[in-house]
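Fold and contact review
Spelled out from the first residue to the last, the chains are:
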Amino acid sequence: MTETAGVLVVPKGAGKLHLPPRIRTASQTGTWPAAATLFAFYAAATLAFRFMLIGNPLVHVDEQFYLLVADRWAHGALPFVDIWDRKPVGLFVLYRLFLLVPIDPVLSYQLFGIASTAATALVIERLARKIAPPTAAWQAGLVYVFAMPGFSCAFGQAPVFYNLLMAMAVLVLVDIWKRPETTGLLARGCVVMALAGLAMQIKYCVLFEGIAFGLILMARAWVDGRSVALICRMAIVWVAVALLPTLLALCAFMAIGHGADFIQANFVSIFQRLPDGPEATLRLFNQTLALTPFWLAIFLAPRLMSLPVPQSLAARNVLRMWGLAAVVGYLVFGTWYDHYVAPMLPPLCVLAAPALARTIPGERWIGRLLLGAAALGGLIVMGIQLKNHGNATEAEALTGLIRQQVHSRSFYMYDGDPALYRMVGAPIPTRYAFPTHLNTWTEAPAIGTDPVREIARIMTGQPDVVMIGEWSDPYQPNHQSRAVVQAFLARDYERYAGFVLGTHRFGLYRLRSL
């Protein structure tokens, strides 16, 4: 192939992987039917790859909590006011929408997560075609499908949903830069920034990618010969569009008298949270190591082999800027949990695509390593999650034990999975329903109240049932709040059952009989 009319130059031996005929045809064309075929393939692959966790309500504590907030919101509780968290309200709106589907709510959000993952893989494939042949681009989407569960993003974590919006924004951004002279730049830039703004209402960490998008748009305007004054006016419009969803959310809470609650949860608490210390550094090291196949594909492969020449050097530079911004967004917060890697995966998958094109013996190993490591890592992490967190059967059994002793009062879970609050259905005696907000020292200064006093208030109200973990090394324990719970349990409660959920043992306590 030649580079005439923007067609890729593909070295001999590239892109020879044998695909099913329908998938091969879809990967080589850009029509809507072809896109639908690829989406169906990615959706089937995503579903099959995650099948061991389908229907499990205990996949990850974060997505359990998002579903709990949506459920309580549907019953009258208000996010940030009656049930506290620092995630944007847009994420909880998404989960409210998932609840509208008349099926099991766990299955509903998981199926939407599968669809979002498949759609993101499709956009990754479209982007990868800018710098790699179709077969390699198709594989780049598959790497994303495999890699997301490896970083605890199998179904419902926030990046599962906002990665799609950010990838779509980059698709528009690349198209803007591919044109010799851009018309309608202001409007098309508004599309890019609107997508970034919606993503920011799912999680604020995309701010850094959004800033990069704005700078890239401004650079395009400069290349097109716009004046500095005009570029500044365009930038103001783009910033306003990006901030509009968040401003609308703030105004909505201010209108009902809870603007201060919104501001504290969304914008203040993250700066008050204490750093995790050495544990965070260890997580950073482990995740950097886990991404080694990507580093090899992106940085080593170009030095070892002749890779496809991209359609547009400008498009490749846009993709590189996206990747850099995603890395900055990952590094800046300093906690480095595994799911924080997920926003980097779309640009990394796209940038690694040229290495996936190689089929010449001696040059295939990096691409095969990337695909194999993504698949193996995803399966291992899902297996560990199933082992550590437990399954639906165990959750139902524990729910039954709790319900037996809940009468007219509440159920309080000092340690445990937020899904149990939803499954038990009893009143929650605190607005801090995510256990780590009260039981860890890192969150103590960040939640807007003294956790020790809040625990004392909860226990003074005498919940019918209290659940507490009985393992020896709780995560970042707030020893003061734990001591308060244990004192109340010793005085007013009796242990009536123990239960092992996954690999963790919990004690169940009920009020002593008078």
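In the block above lies the structure referred to throughout.
These numbers come from a predicted model, not from an experiment.

Conventions adopted
Residues numbered from 1 in each chain as written. Predicted model: local features only at pLDDT ≥ 70, side-chain atom pairs only at ≥ 80, totals over all residues. Heavy atoms only, no water. Pairing = 2+ DSSP bridges. Helix = DSSP H or I, 4+ residues; strand = E, 2+ residues; numbered from the N terminus. Axes fitted to C-alpha atoms, helices over the stretch in contact; angles between N-to-C directions. Contact = heavy atoms within 4.5 Å. Parallel < 35°, antiparallel > 145°, perpendicular 65-115°, else oblique. Nonpolar A, V, L, I, M, F, W, Y, C, P; charged D, E, K, R; others polar. Patch = residues over 30% accessible without salt bridge, like charges linked within 9 Å, V, L, I, M, F, W, Y side chains within 5 Å. Areas by Shrake-Rupley, 256 points an atom, 1.4 Å probe, with all protein chains shown as cover. Salt bridge = Lys/Arg side-chain N within 4 Å of Asp/Glu carboxyl O. Buried < 20%, exposed > 50% of the residue type's maximum accessible area, 1.4 Å probe, protein only. Expected span 1.5 Å × (residues − 1). Arc of directions from axis to C-beta. Polar contact = N/O pair within 3.5 Å; in protein donor to acceptor, adjacent residues only side chain to side chain.

**Focus: the sheet that holds strand β1 (residues 411-413)**
Taken in spatial order, the 4 strands line up as β1-β2-β4-β3 in an open sheet, and their pairing is mixed. One side of each edge strand has no neighbouring strand; the edge strands of this open sheet are β1 and β3 (493-501). For this sheet the average axis-to-axis angle between neighbouring strands, irrespective of direction, equals 20°. Looking at chain direction, strand β2 (residues 465-469) and strand β4 (residues 504-511) are connected through 5 bridges and run antiparallel. Paired with Met467 across the bridge in β4 is Leu508. Along the sheet face, helix α17 (residues 392-405) touches β1, β2, β3 and β4 and points at about 170° away from the line of β3. Running at roughly 130° to β2, helix α21 (residues 479-492) makes contact with β2, β3 and β4 of the sheet.

**Some remarks on the packing of helix α8 (residues 185-200) against helix α9 (residues 207-223)**
It is the contact of α8 with α9, at a shortest axis distance of 9 Å, that shows an interaxial angle of 175°. In this view, α8 runs roughly antiparallel relative to α9, as classed from their interaxial angle. Mapping the contact onto sequence places Leu185, Gly189, Val192, Met193, Ala196 and Met200 in α8 and Leu207, Gly210, Phe213, Gly214, Leu217, Arg220 and Ala221 in α9. Looking at the contact of α8 with α9 residue by residue, the classes come out as 9 nonpolar, 3 polar and 1 charged.

**Quick notes on a nonpolar patch on the surface**
Taken together, the side chains of Ile270, Phe271, Met321, Leu324, Val328, Val332 and Phe333 present a nonpolar region at the surface, about 660 Å² in accessible area. Listing elements by their share of the nonpolar patch, those giving two or more residues are α11 (259-272) and α14 (313-332). Of the residues forming the nonpolar patch, the biggest block, 4 residues, is contributed by α14. Following the sequence through the fold, Val332 ends up in helix α14.

**Observations regarding the pattern of salt bridges**
Where charged atoms from two side chains of opposite charge come close, those side chains can pair. What the rule picks out here adds up to 18 salt bridges. Residue Arg226 is joined to Asp224 by a salt bridge in which the shortest nitrogen-to-oxygen separation is 3.0 Å. Its relative accessible area of 22% is what places Asp224 among the partly exposed residues. Where Arg273 meets Asp276, a salt bridge forms, and the shortest distance between an N and an O atom there is 3.0 Å. Side by side, Arg273 and Asp276 carry an identical accessibility label, which is buried. One salt-bridge network, held together by shared partners, links Arg86, Arg273, Asp276, Arg283 and Glu443.

**What to know about helix α15 (residues 345-356)**
For α15, spanning 12 residues, the distance from its first C-alpha to its last is 15 Å, which sits close to the expected 16 Å at 1.5 Å a residue. Buried residues dominate α15, accounting for 12 of its 12 residues. For α15, the set of buried residues is Leu345, Pro346, Pro347, Leu348, Cys349, Val350, Leu351, Ala352, Ala353, Pro354, Ala355 and Leu356. For α15, the secondary structure elements touched by its buried residues are α5 (105-128), α6 (134-150), α7 (158-178), α13 (292-304), α14 and α16 (365-389).

**Concerning α17**
Over its 14 residues, α17 extends 21 Å from the first C-alpha to the last, a length consistent with the 20 Å expected when each residue adds 1.5 Å. Within the span of α17, buried status applies to Ala395, Leu398, Thr399, Ile402 and Gln405. When α17 is viewed along its axis, its buried side chains cluster within an angular range of 125° and face the same direction. Exposed side of α17, more than 90 degrees from the buried face: Thr393 and Gln404 are the residues found there. Among the structural elements, β1, α18 (419-424), β2, β3 and β4 are those in contact with the buried residues of α17. For α17, the capping residue at the N-terminal end is Asn391, with a side-chain oxygen 3.1 Å from the backbone nitrogen of Thr393.

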